[in-house]
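The primary structure of each chain is shown beneath.
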Amino acid sequence: MPPQRPGQPGQRPPQQPGQQLGQQPGQLPGQRAPFRPVPGQGPGPAPHPGLGTPPPGYGRQAPPPAPAPSRGYAGGPAYQQQPGFLEDGRGGYPERDPYFDSEPPKRKRRFGGCLAVLVALAVVLGGVYFAGDRAIDYLKDKVAPPADYAGPGTDPVSFEVHQGDSVSAVGRSLKEVGVVESVDAFIDAANAEGLSVQVGFYPLKKEMKAEDVVEILANPENIDTINVTITEGSRAKAIYKVLAEKTDKKPAEFKKAAQDTEGIGLPDYAGGEIEGYLFPATYAFPPDSTPTEMLAMMVDRWEQALGDNDIEARAKQLKCDDGKACTAEQIMTVASLVEAEGRGEDMSKISRVIYNRLDPKIDDGATNGTLGIDASNAYGIGKSGTTQLTSAELAKDTPYETRRRAGLPPTPIGSPGDAAIEAALNPAKGNWLFYITVNLKTGETKFTRDYEEFQRWSADLDAYCAKNKC
């Protein structure tokens, strides 16, 4: 490749002796190269105050002609040319730029960053303090004994232990009424003695020592309650007698209290009749209970059964009284009949027989809507439902007579339990219209739709009763 001549593109101009690399001719050593316009772009910009006269170009381009002098108001120059931005005031350029030689401005200290650090540190220290404080409290609870009264107690308290109460539940109740100072103190004392509490009311005092409370609860002889058990199927008259035997009151006082329907909480659809709404269960009445309070507790227990079995809603799914939807009162009446007539699995079958006889589409004139339940007839004449009635007794006409009167009796004939209520709400499937208990000892009961078959079974029962007193 031939060597390039001076002035050709891409070739560096020859360097003069003593000339530094990049130094222009006539330029002093250390002096910056003057500003030169790019070749081919014409003359440089016009002079501007404070910028100085542009330096001459390079190459073959001639410098632009100097502008004509202009005179000001006093005949002098229009402006005085100041040293250029890059000049040193003596026509040359400084060896170093003072801007780059000066120290950079110092950053101002910002207090905000320090504040954020301090706040974060305070939060951390606060969390550590809180956690430590909680940990100390936790350790104190584990190490220190639970709070306990010194005893022996102040005001008397009649405390009730309910069926199914656990030791912790008893402890919470004791603390709520102010007998013990802490639940933990009672639990510790109860565990130490292996406490087993019986249902009932206990004479205690407020602010007692936990171990003294445990000593009283552990002794069944300290129970201060009226414990009464009402069996399934019991009638109101018999219940009054049982309550009177357990108290110093008379049956007439309970009969009078039963008339206070609002006081005992009897439902409106009961029509003022308490029969069937004194739920059979075991009760622990407070020693100072009144007859009204005792009957109210029994009605409350019935209301619990009402909700547990959802009687009011489920009654509408069944048909009573000439095929119409049943009411809650009618369900209780059916349940009382089932309780008096059946037992075990037979309850739901007896329930089905009752509903079949009440439905004219199913009965088809076989019984003319009569139930034929002797237990109801016995209730009407004031006799027990477990005894066999004579022809004369069956001939007596009362509102509860079911051999000639169609439909359900006016009220329940006793207090049904949960099993009988469930059977009344959930009758078995079948088309039976007759049933008869052929063995009063075992309770064996037979079901049929055929009347002639029913008559044969009745003869068997008569033969059984001839050998055994029924």
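Everything below is about the structure shown above.
These notes cover the structure that comes with them. Just so it is clear, the structure is predicted and the values come from calculations on it, not from any experiment.

## Quick look at the packing of aromatic side chains
This structure, assessed with the given rule, holds eight aromatic pairs. Here the aromatic rings of W432 and F447 are separated by 5.6 Å at their centres, their planes lie at 50°, and the arrangement is tilted. Of this pair, W432 sits in the loop between α16 (418–425) and β7 (434–439) while F447 sits in strand β8 (residues 444–448); the two residues are 15 residues apart in sequence, bridging distant segments of the chain. Under the relative-accessibility criterion, W432 is labelled buried at 18%. Note on Y451 and F454: the rings are 6.2 Å apart at their centroids and 35° apart in plane angle, and the pair reads as tilted. Highlighted residues: Y451 and F454, both in helix α17 (residues 451–467), separated by three residues, approximately one helical turn.

## Observations regarding the side chain of E275
With respect to the helices, strands and loops of the structure, E275 is situated in the loop between α8 (261–264) and β4 (282–285). Within the structure, the side chain of E275 is placed 2.7 Å from the side chain of Y379, a separation counted as a polar contact. Not counting residues within four places of it along the chain, the set of residues in contact with E275 comprises S234, R235, A236, Y379, P412, I413 and G414.

## A short note on the pattern of salt bridges
As enumerated under the stated definition, the model contains eight salt bridges in all. Note that D418 is salt-bridged to R301, the shortest N-O span being 3.9 Å. Taken as a pair, D418 in helix α16 and R301 in helix α9 (residues 291–308) lie far apart in primary sequence, 117 residues in all. Judged by its relative accessible area of 37%, D418 is partly exposed. For the salt bridge of E422 with R314, the shortest nitrogen-to-oxygen distance reads 3.2 Å. You can see E422 sitting in helix α16 and its partner R314 sitting in helix α10 (residues 311–315), a full 108 residues away along the chain. Since its relative accessible area comes to 29%, E422 is described here as partly exposed. You can call R314 partly exposed: its relative accessible area is 21%.

Criteria and thresholds
- Residues numbered from 1 in each chain as written.
- Predicted model: local features only at pLDDT ≥ 70, side-chain atom pairs only at ≥ 80, totals over all residues.
- Heavy atoms only, no water.
- Phe/Tyr/Trp six-rings, centres within 6.5 Å; stacked < 30°, edge-to-face > 60°.
- Helix = DSSP H or I, 4+ residues; strand = E, 2+ residues; numbered from the N terminus.
- Buried < 20%, exposed > 50% of the residue type's maximum accessible area, 1.4 Å probe, protein only.
- Polar contact = N/O pair within 3.5 Å; in protein donor to acceptor, adjacent residues only side chain to side chain.
- Contact = heavy atoms within 4.5 Å.
- Salt bridge = Lys/Arg side-chain N within 4 Å of Asp/Glu carboxyl O.

Treat this as a map of the structure, not an account of what it does.
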